[in-house]
Amino acid sequence: MSKVLLEIKDRLAYVTINRPASLNCFDYETLCQLQETVERLHVDSQVHVVMITGAGEKAFCAGADLKERKGLTESEVRRNVRAIQAAFQAIEDLPQPTIAAVNGYCFGGGMELMLACDFAFAAQHATMGLTETSWAIIPGAGGTQRLPRRIGEMKAKELIFTAKRISAMEAYDLGLVLRITDKDSLNTACTELAESIMSNGPIAVRQAKFAINHGLHTDLQTGLALEAKAYELTISTADRMEALTAFGEKRAPNFTGT
């Protein structure tokens, strides 16, 4: 059985960590399959939004598979850490917008996976946290970098240093999740956001994501230059002309991603 499932439907890719009996924890094989899945999606121009979730009703992802970790050598632990770093960076680098559907426990690497996505929705019962220091390690898949960028340095230090677990509502108040839903409405809410995004020009959405993600890590003038380059790539597209034509004809545009 595949440990990472991929379904593509109506331009929306559904990626599911498929280890519900293990709370969708990451072992090395799962990380490799996730990396392969993300690389496939990166070059698929027919996929406009990617949604990531965990199988079952208990967990989004509870982090590293500690049962596997107990039997690993130090070099194998380093291998796993490199694999999870690469997989999450690949997710952040996807040109398509990404949505994490947090349907339960979201700890350690699971929360780092959520942080690598553009958006996160959480079920009311979900709990999350960067709990690595309670295991005498640190967040090693982007948590020490992405969390303070998302919520600020001091609050991020509190959560990481104390290994505190927070509720979905606390995560919402911190700006870590965009919306909270009941468990039965989570996927529907994520899909509604995806459909709203997909109603717009796909090249424009990808270029907007590129400009935001890369511009945030530079000074303003460099960011504005990146924005100008990203805008330039939309000018010659058929979709831009289609938008203008549709406006004149008082109809919805039919974007093709060209």
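Further up the page is the structure itself.
Residues numbered from 1 in each chain as written. Predicted model: local features only at pLDDT ≥ 70, side-chain atom pairs only at ≥ 80, totals over all residues. Heavy atoms only, no water.

**Focus on the sheet that holds strand β1 (residues 4–9)**
Right, on to step 1. Within the open sheet, the 6 strands sit side by side as β1-β2-β3-β5-β7-β10. Their pairing is mixed. The open sheet terminates on both sides in strands that have one partner only, identified here as β1 and β10 (179–181). Sheet twist, expressed as the mean angle between neighbouring strand axes with direction ignored, is 20°.
Right, on to step 2. In terms of strand pairing, β1 meets strand β2 (residues 12–17) through 6 bridges, oriented antiparallel. Paired with Leu6 across the strands is Val15, a residue of β2. (Pairing = 2+ DSSP bridges. Helix = DSSP H or I, 4+ residues; strand = E, 2+ residues; numbered from the N terminus. Axes fitted to C-alpha atoms, helices over the stretch in contact; angles between N-to-C directions.)

**A short note on unusual backbone geometry**
Right, on to step 1. Despite not being glycine, Asp10 shows a phi value in the positive range, around 50°.
Right, on to step 2. Residue position: Asp10 is located in the loop between β1 and β2.
Right, on to step 3. We note that Arg11 has phi near 75°; this positive angle belongs to a residue other than glycine.
Right, on to step 4. Relative to the helices and strands, Arg11 resides in the loop between β1 and β2.
Right, on to step 5. In this structure Arg11 comes out as partly exposed when scored by relative accessible area, which is 36%. (Buried < 20%, exposed > 50% of the residue type's maximum accessible area, 1.4 Å probe, protein only.)

**Regarding the packing of helix α1 (residues 28–42) against helix α3 (residues 74–92)**
Right, on to step 1. Running from amino to carboxyl end, α1 crosses α3 at an angle of 25°, the nearest separation of the two axes being 9 Å. With respect to their mutual orientation, α1 and α3 come out roughly parallel. The crossing of α1 and α3 is left-handed. Facing α1, whose interface residues are Tyr28, Leu31, Leu34, Gln35 and Val38, α3 presents Arg79, Asn80, Ala83, Ile84, Ala86, Ala87, Phe88, Ala90 and Ile91. (Parallel < 35°, antiparallel > 145°, perpendicular 65-115°, else oblique. Left-handed = near helix turned anticlockwise from the far one by under 90°. Contact = heavy atoms within 4.5 Å.)

**Section: the nonpolar core**
Nonpolar side chains in soluble globular proteins generally cluster together in the buried interior.
Right, on to step 1. Core analysis: the biggest nonpolar cluster contains 46 residues, and Leu34, Phe88, Met114, Met128 and Leu147 have the highest contact counts within it.
Right, on to step 2. Considering every element that reaches this core, the biggest residue donor is α3, with 6 residues.
Right, on to step 3. Among all residues touching Met114, those that are not within four sequence positions of it are Phe60, Ala100, Val102, Cys106, Ala120, Met128, Leu176 and Val177.
Right, on to step 4. One finds Val49, Ile99, Ala101 and Met198 within the second-largest nonpolar core, a separate group that totals 15 residues. (Core = buried A, V, L, I, M, F, W, Y, C linked by side-chain atoms within 4.5 Å.)

**A closer look at the pattern of salt bridges**
Right, on to step 1. By the definition in use, this model includes 13 salt bridges.
Right, on to step 2. One salt bridge connects Arg19 with Asp27, and the closest N-O pair in it is separated by 3.8 Å. When sorted by exposure, Arg19 lands in the same class as Asp27, which is buried.
Right, on to step 3. The salt bridge partner of Arg251 is Glu242, with a shortest N-O separation of 2.7 Å.
Right, on to step 4. Residue classification places Arg251 among the partly exposed residues on the basis of a relative accessible area of 34%.
Right, on to step 5. With a relative accessible area of 17%, Glu242 lands in the buried category.
Right, on to step 6. Beyond isolated ion pairs, a larger network of salt bridges with shared partners links Lys3, Arg19, Asp27, Glu29 and Asp65. (Salt bridge = Lys/Arg side-chain N within 4 Å of Asp/Glu carboxyl O.)

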